[in-house]
Amino acid sequence: MRNQLENIKQQALAALQSCQDSKELDALRVKYLGKKGELTAILKQMGKLSPEERPIVGQVANEVRQALEEALSVRQTELQSQALEQQLAEETLDVTLPGKASTAGGLHPLNIVLEDLMDIFQSMGFDVVDGPEVETDYYCFEALNVPKDHPARDMQDTFYLGENLVLRTQTSAAQIRVMENRKPPIRIICPGRVFRADEVDATHSPVFHQVEGLVVDKGITMCDLKGCLEQFAHEIYGPETQVRFRPSFFPFTEPSVEVDVTCSECGGKGCRVCKGTGWIEILGAGMVHPNVLRGCGIDPDVYSGFAFGIGLDRLTTTRYKISDIRLLFENDQRFLEQFQGR
Ligand code: DAH
């Protein structure tokens, strides 16, 4: 029996050495040490031995088992590290290759300027509201004191979607919606896209952007309008910029003004950008017309207000010295990426 045990040990050790993967290794484990394995089979015959022989053979059997278990685990580690090395050799990874740079997105210049503008007005207590781009004739014109036959309709070439449905030509439409839904004191701005049937050129686009502003309260005067808009212009263009209020006409305000700032390109001397005038027009404004207040259920004998409409595209092109408004709408990444952090 001793010889048998010794044989099994030699065979098993040899088999282990030539074994090449963990599957084979498992098969060997079962073959020698398993319940029906060869070693177990011999141990089962121990009962036939004499009481003197039994402990001696038992000890040998245990030694053989231990030796096999040890050899198995050594071989297993060997096979595992072999497999790992092979895998590493196959999957070569060149850590010196340059990485792929991930491109970060950024804000569109219009949005950079809009965020600054919203900061300025929010710090003066204005709320930011939204309004629909598809408007009814009523909100876009009628309620703004522009009846159907009014010549002022010719000031704006409107895209009609139906008899009474238009793409809004001005964010002023939002004023009416706000006054219908809120009670004074009101202080809001409404930024958004507006649409006019204009030919595209360096200074015109059928889609552009306005920021509407509206303040309604008791005792609001032209002084409030001037103070507020001057403050805004100085924060956007710098304190050295001069601001001028020119009389103008809008059907929904009386009196009405247009606001110019000194040209940031030439500092007011006159250049190509300001067409030699030294001034750039940035917004229209005025004291809200009593008809408009009345139409929204606000008593013009008790309340007064001022409103303004800022041309966001103009603000952006002058701030960044962009010579052609079309650049704002073409989404050329080489153009867009110049404005991050400016
Ligand atoms: N809606 C005018 C335009 O598109 C701009 C404007 C002028 C808005 C005067 C106003 C305002 O709120 O009071 O040209």
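For the structure, see preceding data.
The following refers to the structure shown. If you're wondering where the values come from, they're calculated on a predicted model, not measured in any experiment. Numbers given for residues are sequential positions, taken from 1 along each chain in its written order. In view of the model being predicted, local features appear only for residues whose pLDDT reaches at least 70, and side-chain atom pairs are presented and counted only at 80 or more, with totals across whole chains, interfaces and linings using the full set of residues. Hydrogens are left out, water is left out, and the side-chain values use all remaining heavy atoms of the structure.

## Brief notes about empty space enclosed by the protein
Moving on, step 1. We place a 1 Å grid over just the protein atoms. Points where a 1.4 Å probe fits but has no way out form a cavity, open points with protein on both sides within 12 Å along at least 5 of 7 lines form a pocket, and any residue with an atom within 4 Å of a point lines it. Grid points are joined across faces, edges and corners, and a volume is the space filled by probe spheres set on the points. Going through the model one piece at a time under the given rule, you end up with one cavity of 30 Å³ or more.
Moving on, step 2. Approximately 50 Å³ is the volume attributed to the largest cavity.
Moving on, step 3. Surrounding the largest cavity, Ala12, Leu16, Leu28, Arg29, Tyr32, Leu33, Leu68 and Leu72 form its lining.
Moving on, step 4. Elements are defined by DSSP. Helices are runs of H or I of four residues or more, strands are runs of E of two residues or more, and each kind is numbered from the N terminus. Looking at the lining of the largest cavity, the elements with two or more residues in it are helix H1 (2-18), helix H2 (22-33) and helix H4 (53-90).
Moving on, step 5. In the lining of the largest cavity, the residues fall into seven nonpolar, no polar and one charged. Throughout, the ten residues Ala, Val, Leu, Ile, Met, Phe, Trp, Tyr, Cys and Pro are labelled nonpolar, Asp, Glu, Lys and Arg are labelled charged, and all others, Gly among them, are labelled polar.

## Here's the deal with the sheet that holds strand S4 (residues 186-195)
Moving on, step 1. The criterion for strand pairing is that DSSP finds at least two bridges linking the strands in question. Read across the open sheet, the seven strands follow the order S1-S4-S5-S9-S8-S7-S6; overall the sheet is mixed. Either end of the sheet is taken by a strand with one partner, and the two such strands are strand S1 (127-128) and strand S6 (243-250).
Moving on, step 2. Summarising the sheet, strand S7 (residues 253-262) and strand S8 (residues 279-288) pair through eight bridges and their orientation is antiparallel. The residue of S8 that forms the bridge with Ser256 is Gly286.
Moving on, step 3. Sheet contacts for helix H8 (residues 222-237): S6, S7, S8 and strand S9 (304-311); angle to S8, the most-contacted strand, approximately 150°.
Moving on, step 4. Strands in contact with helix H10 (residues 312-319) are strand S5 (207-217), S8 and S9; relative to S9, the strand with the most contacts, it is inclined by about 55°. Only heavy atoms matter for contacts: two residues are in contact if any of them lie within 4.5 Å across the pair. Where helices are involved, their axes are fitted lines through C-alpha atoms of the stretch in contact, as for all axes, and angles between N-to-C directions lie from 0 to 180°.

## Some details on the pairing of S8
Moving on, step 1. The buried label applies to any residue whose accessible area, calculated with a 1.4 Å probe on protein chains only, is under 20% of its type's maximum; exposed applies above 50%, and partly exposed to all values in between. Within S8, eight of the 10 residues are buried, which leaves it mostly tucked inside the rest of the structure.
Moving on, step 2. Bridging between S8 and S9 involves five bridges; their strand directions are antiparallel. Considered in S9, the bridge of Gly284 is made with Gly309.

## Regarding the environment of Tyr138
Moving on, step 1. Counting through the fold element by element, Tyr138 comes out in helix H6 (residues 137-140).
Moving on, step 2. On the basis of relative accessible area, Tyr138 is assigned to the partly exposed category, the value being 36%.
Moving on, step 3. Sequence separation between Tyr138 and Ile176 is 38 residues, and the spatial gap between their C-alpha atoms is 9.5 Å.
Moving on, step 4. Residues within four places of Tyr138 in sequence aside, it is in contact with Ala143, Leu144, Ile176, Glu180 and Gly295.

## Observations concerning the packing of aromatic side chains
Moving on, step 1. Two rings from Phe, Tyr or Trp (for Trp, the six-membered ring) form a pair when their centres sit within 6.5 Å of each other. Planes less than 30 degrees apart are called stacked, planes more than 60 degrees apart edge-to-face, and all others tilted. Per the stated rule, a full pass over the model turns up nine aromatic pairs.
Moving on, step 2. Residues Phe335 and Phe339 carry aromatic rings whose centres are separated by 5.0 Å and whose planes lie at 65° to one another, so their mutual orientation is edge-to-face.
Moving on, step 3. For Phe335, a relative accessible area of 9% corresponds to the buried category.
Moving on, step 4. Its relative accessible area of 3% is what places Phe339 among the buried residues.
Moving on, step 5. Through pairs of rings, three or more aromatic residues link up here, namely Phe121, Phe126, Phe232, Phe306 and Phe308.
Moving on, step 6. When the ring centre of Tyr139 is taken as origin, the NZ or CZ atom of Arg177, which lies over that ring, is 4.0 Å away. Criterion for a charge above a ring: Lys NZ or Arg CZ within 6 Å of the ring centre, and within 35 degrees of the ring normal.

## Topic: the nonpolar core
Nonpolar side chains tend toward joint burial in soluble globular proteins.
Moving on, step 1. Core analysis: the biggest nonpolar cluster contains 45 residues, and Leu117, Phe232, Phe308 and Leu315 have the highest contact counts within it.
Moving on, step 2. When contributions to this core are tallied by element, the ones reaching two or more residues are helix H5 (109-123), S5, H8, S7, S8, S9, H10 and helix H12 (333-336).
Moving on, step 3. Tallying contributions element by element places H5 first for this core, with eight residues.
Moving on, step 4. Look past the residues within four positions of Leu117 in its chain and what remains in contact with it is Ile189, Val211, Phe232, Ile310, Leu312 and Leu315.
Moving on, step 5. The term nonpolar core refers to a set of buried residues drawn from Ala, Val, Leu, Ile, Met, Phe, Trp, Tyr and Cys, joined through side-chain atoms within 4.5 Å. Val129, Leu144, Ile186 and Phe250 belong to the second largest nonpolar core, which has 22 residues in total.

## As for the site of the ligand
Moving on, step 1. Any residue with at least one heavy atom within 4 Å of a molecule or strand is counted as near it. With respect to spatial proximity, 16 residues lie near the ligand, and among them Gln170, Gln175, Arg196, Gln210 and Glu212 are the closest.
Moving on, step 2. The separation between an oxygen atom of the ligand and a polar side-chain atom of Gln175 is 2.9 Å.
Moving on, step 3. What qualifies as a polar contact is a pair of N or O atoms within 3.5 Å, subject to a donor-acceptor requirement within protein and to the restriction that residues adjacent in sequence count only when both atoms come from side chains. Here an oxygen atom of the ligand and a backbone polar atom of Ala307 are 3.1 Å apart.
Moving on, step 4. Accessible surface is estimated by sampling points in the Shrake-Rupley manner with a 1.4 Å probe; for residues, cover comes only from the protein chains shown. Here the ligand, which alone exposes 350 Å², has 92% of that area covered by the protein.
Moving on, step 5. Elements represented by at least two residues in the shell around the ligand include exactly S5, S8 and S9.

## Concerning a nonpolar patch on the surface
Moving on, step 1. On the surface, Val134, Leu161 and Leu165 cluster together into a nonpolar patch covering about 240 Å² of accessible area.
Moving on, step 2. Look at Leu165 and you get partly exposed, because its relative accessible area is 36%. The residues that make up patches have over 30% relative accessible area and no salt bridge, and they are joined within 9 Å when like-charged or within 5 Å when they are Val, Leu, Ile, Met, Phe, Trp or Tyr. Note on definitions: salt bridges are taken to be side-chain nitrogens of Lys or Arg within 4 Å of carboxyl oxygens of Asp or Glu.

## A short note on the environment of Arg244
Moving on, step 1. Mapped onto the secondary structure, Arg244 falls in strand S6.
Moving on, step 2. Under the relative-accessibility criterion, Arg244 is labelled partly exposed at 29%.
Moving on, step 3. Sequence separation of Arg244 and Ile280 is 36 residues, and the distance between their C-alpha atoms is 9.8 Å.
Moving on, step 4. Each residue touching Arg244, except ones within four places of it in the same chain, is listed here: Glu258, Val259, Asp260 and Trp279.

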